[in-house]
Amino acid sequence: MPFILTSRHAAHPDSGRVHAVPSEITPQAVYTNRRQWLREAALLGGGVMTSALPWARAQAQSAPATSATVTRPGKRAALSAVRSAVPGALAVDKLTSYEHITTYNNFYEFGTDKSDPAEYAHTLKTRPWTLSIEGEVGRPLKLGLDDLLKLGAMEERIYRLRCVEGWSMVIPWVGYSLSTLLQRAQPTSRAKFVEFISLADAQQMPGVRSSVLDWPYVEGLRIDEAMHPLTLMAFGLYGEVLPPQNGAPLRLVVPWKYGFKSAKSIVAIRLTEKPRPSSWMQANPREYGYFSNVNPTVDHPRWSQATERRIGEGGLFAPRKPTLMFNGYAAQVGSLYAGMDLRKYY
Amino acid sequence: MALSMANQWLLKPWMKPLLWVVCAVPAVALLVGALTDGLGANPAQTLIQETGQWALRWLWLTLLVTPLREMAALPALVRYRRTLGVTAFVYAVLHLLSYAWLDKGWVIDDIVADVFKRNFILVGMLTFLVMLPLALTSFNAAIRALGGRKWQLLHKLVYAVSLLGLLHFYLKKAAKNDVSEVMVYAVILALLLGWRVVRRGGVLAMLRVR
């Protein structure tokens, strides 16, 4: 059976088919890629080797030629990865520039202006960093950043990101499926929901002193959403470790939900039987729901969600683009919501 | 002595053109930014937000004229009030146009739907509508035609415009709980209007033409 799970049922912890130590098993996609890469490298000779060199340093054996699509900006430490084989993980949209991705951020812990995180997040200390996985798990874990970085094979994934405010980007993330991490902790049969808790340290995060939200920032997913292979634990972008303003050292990325669901700078993941309202639900329950799936037919009370503005594309007068159901990931995740009234469960 | 000097300066004929230039600076800066890719990652939103905020800022400055001229004994300041008010209106027009163009692509049906669906758009449109008669009567012939008292009474609507404009800004920002900036505007407006209420001896007295 391939390790890359294609349905939520196969990924469910109750299925009895969960590997005890998944990270020790090389994903099929990785070795297939690797063999293909070796063949291509042999065929193309030096050219491929040269373009793959920056990637090859740390993980020579698993760097496929296809990684070279993204040019490292050279701002932060390299984080090498293989191109993801998860269905839907490699959007073909034009990438948003590194500059825009790292200067236009919503990260209220550093202020409410889009430019605040880039300006103030340098005070965030990402080492040492500990992530605890707790709650309804057979094996509660406390993992340091180095352990986390080694826990799964790093994949490059190009995801569309749609902000609830009506703009979008296309971001080449580096990370691995959250399921890889959760399976390590052995979720029990009572684990129905997953909470993500972000760091809230006023010493490092000036925005935490303001009462704009109840800190710490909390987000949540249903267990099947959390175990979906597209749900990403990201450690980097553009082939380098995450800049602090983008949620370093590790963050969640759920590409079919509005951006605020993808919690940044996570310190704890808690598996629970009951859902806990997210920070935004507590702040404004009428306007923010638990699911917050990208849905052009369900408007935010204050603005339409039918269209979006793609950052950095087409200049000032470019028309807005139509927003796609589940942000264009309906084929991969639509079945998670079969039979649900998405107007009610927004 | 110094004050009357200031008054004399305020009466210099070239001071008004100078104010026009100053009033145009934010708009020109935004235009240059738009043409040189200098408005950040989301230039359309920057334009819409900045023109709206500048409309409020010019309006607040308009409302500052009367308290300042009475407190600082600068009667000559009144010459500039209308220029500042018209500037606020011009920025409101730019705000409305940039919304209709950049956000709605001139699709009138979408704009109308937006007005009836969303409170903050409705309040924004209302603000603009209340501003309209003030702008349309902001030239000398209109003052003569209306007569000074009627004109002044009509222009008391500026208080409604300021409150509606603030409400529009608040409703927009409240969606993301990001109201700290709105609070700054609210506090300043409270001072500007509060001074009038105290000075004239009540809200009704403030609305009466003296």
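As the structure is a computational prediction, the values presented were derived from the model and not from experiment. Starting afresh in each chain, residues are numbered from 1 along the sequence in its written order. The lettering of chains begins at A and the numbering of ligands begins at 1, in the order of writing. Per-residue local features are limited, in this predicted model, to residues with pLDDT of at least 70; the limit for side-chain atom pairs, both in listing and counting, is 80 or more; totals at the level of whole chains, interfaces and linings are taken over all residues. Side-chain measures here rest on the full set of heavy atoms in the structure, leaving out hydrogens and waters.

### Concerning the overall build of chain A
A helix here means a DSSP run of H or I that spans at least four residues, while a strand means a run of E at least two residues long, and both kinds are numbered starting from the N terminus. Scanning chain A from terminus to terminus reveals 10 helices and 13 strands. Under the scheme applied here, a residue whose accessible area is under 20% of the maximum for its type counts as buried, over 50% as exposed, and between as partly exposed, the area being computed with a 1.4 Å probe on protein chains only. Looking at chain A as a whole, 57% of its 346 residues are labelled buried. A fraction of 71% describes how many contacts in chain A between residues 6 or more apart in sequence connect residues 24 or more apart. In this description, accessible areas are obtained by the Shrake-Rupley approach with a 1.4 Å probe, and a residue is regarded as covered only by the protein chains that are shown. Carbon and sulfur atoms make up 55% of the accessible area of chain A, which totals about 14,200 Å². Residue contacts follow a heavy-atom distance rule, with two residues in contact if any of their heavy atoms lie within 4.5 Å.

### Details of helix 3 (residues 43-71) of chain B
Residue and element names in this part refer to chain B. Multiply 1.5 Å by the residue count of a helix minus one, and that product is the helix's expected span. The terminal C-alpha atoms of helix 3 lie 41 Å apart, and with 29 residues this matches the ideal 42 Å at 1.5 Å per residue to within 8%. Fitting axes to the seven residues that end at a residue and to the seven that start at it, the angle between those axes gives the bend at that residue. Of all bends in helix 3, the biggest is about 30 degrees, found at Leu64, and the proline Pro67 comes one to four residues later. Positioned one or two residues after helix 3, Ala73 has a phi angle of 50 degrees, which is positive.

### Structural notes on a nonpolar patch on the surface
Every patch collects residues that have over 30% relative accessible area and no salt bridge, joining them within 9 Å if they carry like charges and within 5 Å if they are nonpolar side chains (Val, Leu, Ile, Met, Phe, Trp, Tyr). Just to be clear on terms, a salt bridge is a Lys or Arg side-chain nitrogen sitting within 4 Å of an Asp or Glu carboxyl oxygen. A cluster of nonpolar side chains, Met5, Trp9, Trp14, Leu18 and Val22 of chain B, forms an exposed patch at the surface whose accessible area comes to about 500 Å². When you line up the elements, Trp14 of chain B lands in the loop between helix 1 (2-10) and helix 2 (15-35).

### Notes on the pattern of salt bridges
Residues and elements named next belong to chain A. Enumeration over the complete set of coordinates arrives at 27 salt bridges over all chains. Two residues, Arg160 and Asp93, come together in a salt bridge whose shortest N-O distance is 3.2 Å. Of this pair, Arg160 sits in strand 4 (residues 155-162) while Asp93 sits in the loop between strand 1 (82-83) and helix 4 (98-103); the two residues are 67 residues apart in sequence, bridging distant segments of the chain. Among the salt bridges present, the one from Arg190 reaches Glu136, with a minimum N-O distance of 3.3 Å.

### A word on the interface of chain B and chain A
Taken residue by residue, the interface counts 21 residues in chain B and 27 residues in chain A. When two parts are put together, the accessible area they lose, computed with a 1.4 Å probe and summed over both, is reported as buried area. Of the roughly 2,100 Å² buried between chain B and chain A on both sides combined, carbon and sulfur atoms contribute 50%. Considering only the surface of chain B that becomes buried against chain A, Ala41, Lys176 and Asn177 of chain B emerge as the three largest contributors, covering 32% of it. For the pair chain B and chain A, the number of links is 5 salt bridges. Between Asp103 of chain B and Arg320 of chain A there is a salt bridge whose closest N-O contact spans 3.1 Å. Mapped by element, the contributors of at least two residues to the side of chain B that touches chain A are helix 3, helix 4 (81-103) and helix 9 (157-174) of chain B.

### Digging into unusual backbone geometry
All names here are of chain A. Put simply, Trp215 and Pro216 share a cis peptide bond, and its omega is 0 degrees. Checked against the element boundaries, Pro216 lands in the loop between strand 6 (193-198) and strand 7 (218-222). Going from Ala248 to Pro249, the amide bond is cis rather than trans, its omega being -5 degrees. If you trace the backbone, Pro249 turns up in the loop between strand 9 (240-241) and strand 10 (251-253).

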